[in-house]
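Listed here are the chains, written in short residue letters.
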Amino acid sequence: MLKTIGGFDRIGEENAFAVLARATALASQGRDIINLGIGQPDFSTPGHIVEAAIKALRDGHHGYTPATGILPLREAVAADIHRRTGCDVSPDNVMIVPGGKVTMFMAILMFGAPGVDILYPDPGFPIYRSMIEFTGANPIAVPIREENEFAFSAKEMLSLLTPDTRLVIVNSPANPCGGVTPRTEIDMLVAGLAERPDIAILSDEIYGQMTYDGEEHVSLLGYPEIRDRLILLDGWSKTYAMTGWRMGFAVWPDQLVDKARKLAVNAWSCVNAPSQYAGIAALTGPQDAVHEMVAEFDARRKLVTAGLNAIPNVSCATPKGAFYAFPNISATGWKSKKLASALLEEAGVALIGGPDFGIFGEGYIRVSYANSRANIEAALGRMKDFLGANRPA
Ligand code: PLP
């Protein structure tokens, strides 16, 4: 019997992938399944980005690249950040990684250890907690509350800091609740964290370009007082419909960037070269496809919110960012995961139970509206019919 380290008894995963596998299996048996489970845009990667990768291969870019990514790409990331946020970033602090997720893996690995506290949003992206537990650190959940419009509360977060806190994870716009945390709250958080130079901050801004109704995305890069300990997580997956390309970028502070580079050298050497050229095309080429995609998500957001609110005993706060709705289903009497499973098996609608995003997710389900309007309407109809006809056991 092989004995692996204890972390493997604690590591979790993303149930969205299990739901995707089950939905695919049911569909392959001939069942009609509408997938509102997985968090990936249903659009194709824009053609000019695909062409740039093909050209890179034809031009002979088949080899290793620097571990942190090719310089023109890191320069393009710095320029893109400046265009969007007005913040100056040196290409030397930019690191290209195989997917945005890898930055959270690296940051949590860098700071997590037994006896250390790491704060993370709950409900939140499940890998935060999974990786914290893998390292043996204490996962300290920061509740993300519906009554706070699914923004995080700086006061609550600061009240959870202890002398053992080494890392704080924040995410806005947020998965799974669709919340966007306002500037006043972020100002307050930064003012509190400015007093604690021993705490690193991981800001997951992967949905930064997906906000609605004029809602402002506030990047933590805009706060010079924490730049020496801020790790920014972003990437191409959501913004450019590139989930399968595995392309992310991070901005690391001076005191950590070389550690991050060494982790990359030890694990994956570099991101595949043609994808890096595609990344340049995405950032420097026309942004029309991004705007069109966000406009379409906005229309679906309205559709899904109105449709969910029209289902008796379901209430859905209007999401402000990302492409998820997080309706409250507690008045139906169903437990979230049971409902999600019954909807998939019996009504052919794949979505994710709130508890897959943390203990504060009970009473909610996550509905990804990265699907066509016709499919969303059909799924809402099926949900309404199912809930009308079935009471929880
Ligand atoms: N961060 C959040 C909040 C996410 O929702 C996701 C993907 O769903 C990621 C990071 C990871 O993105 P990637 O697919 O680029 O690894």
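Placed above this text is the structure.
This one's a predicted model, so the numbers in the text were calculated from it and none came from an experiment.

A. Representation of unusual backbone geometry within the structure. Cis rather than trans, the peptide bond between S172 and P173 has omega equal to -10°. Look at the link from N175 to P176: it is a cis peptide, with omega at 10°. Relative to the elements of secondary structure, P176 occurs in the loop between β5 (165–171) and α8 (183–193). One non-glycine residue, F150, lies in the positive phi region at around 60°. Relative to the elements of secondary structure, F150 occurs in the loop between β4 (138–143) and α7 (154–159).

B. The sheet that holds strand β9 (residues 324–325), seen in detail. Strand order in the open sheet formed by 3 strands is β9-β12-β11, and the pairing between neighbours is antiparallel. Only two strands of the sheet have a single partner each, and these edge strands are β9 and β11 (352–353).

C. Layout of the sheet that holds strand β8 (residues 248–251). Taken together, the 7 strands give an open sheet; going across it, the order is β2-β8-β7-β6-β5-β3-β4, and neighbouring strands pair in mixed fashion. A strand with exactly one partner marks an edge of an open sheet, and here the two such strands are β2 (94–97) and β4. Taken over all neighbouring pairs, the strand axes of this sheet differ in orientation by 20° on average, direction set aside. In this sheet, β8 lies alongside β2 in antiparallel orientation, the contact comprising 4 bridges. What sits directly across from V97, in β8, is G248. Along the sheet face, helix α6 (residues 126–135) touches β3 (117–122), β4, β5 and β6 (200–204) and points at about 160° away from the line of β3.

D. Examining the site of the ligand more closely. Residues in contact with the ligand amount to 14 residues; listed here are only the nearest, D204, Y207, S237, K238 and R246. Here K101 contributes a backbone N or O atom positioned 2.9 Å from an oxygen atom of the ligand. A distance of 2.6 Å separates an oxygen atom of the ligand from a polar side-chain atom of S237. For the ligand, the accessible surface in isolation is 400 Å², of which the surrounding protein chains cover 94%. A per-class count over the shell around the ligand returns 5 nonpolar, 5 polar and 4 charged.

E. Geometry of a nonpolar patch on the surface. Among the surface-exposed residues, I5, F8 and I11 lie close enough to one another that they form a single nonpolar patch of about 290 Å² accessible area. Relative to the helices and strands, F8 is located in helix α1 (residues 7–10).

The rules we used
Chains are numbered independently. Their residues run from 1 in the order of the written sequence. Given that this is a predicted model, residues contribute local features only at a pLDDT of at least 70 and side-chain atom pairs are listed and counted only at 80 or more, while totals for whole chains, interfaces and linings are drawn from all residues. Note that water and hydrogens are dropped before the side-chain values are worked out from all heavy atoms of the structure. We count a stretch as a helix when DSSP gives it H or I for four or more residues in a row; a strand needs E for two or more, and each element gets its number in order from the N terminus. Two strands are counted as paired when DSSP detects at least two bridges linking them. Lines fitted to C-alpha atoms define the axes here, with helix axes fitted over just the stretch in contact, and angles between the N-to-C directions of these axes take values from 0 to 180 degrees. Working rule for contacts: check all heavy atoms of both residues, and any pair within 4.5 Å makes them a contact. Here a residue counts as near a molecule or strand whenever at least one of its heavy atoms sits within 4 Å of it. As used in this structure description, the phrase polar contact means that two N or O atoms lie within 3.5 Å; if the pair is within protein, one of them must be able to donate a hydrogen and the other to accept it, and residues adjacent in sequence are counted only when both atoms belong to side chains. Surface exposure here means Shrake-Rupley accessible area, sampled with a 1.4 Å probe, where a residue is shielded only by the protein chains that are shown. In this classification, Asp, Glu, Lys and Arg are treated as charged, Ala, Val, Leu, Ile, Met, Phe, Trp, Tyr, Cys and Pro as nonpolar, and every other residue, Gly included, as polar. Here a patch means residues that are over 30% exposed by relative accessible area and free of salt bridges, tied together within 9 Å if like-charged and within 5 Å if nonpolar (Val, Leu, Ile, Met, Phe, Trp, Tyr). By definition, a salt bridge exists where a carboxyl oxygen of Asp or Glu is found within 4 Å of a side-chain nitrogen of Lys or Arg.

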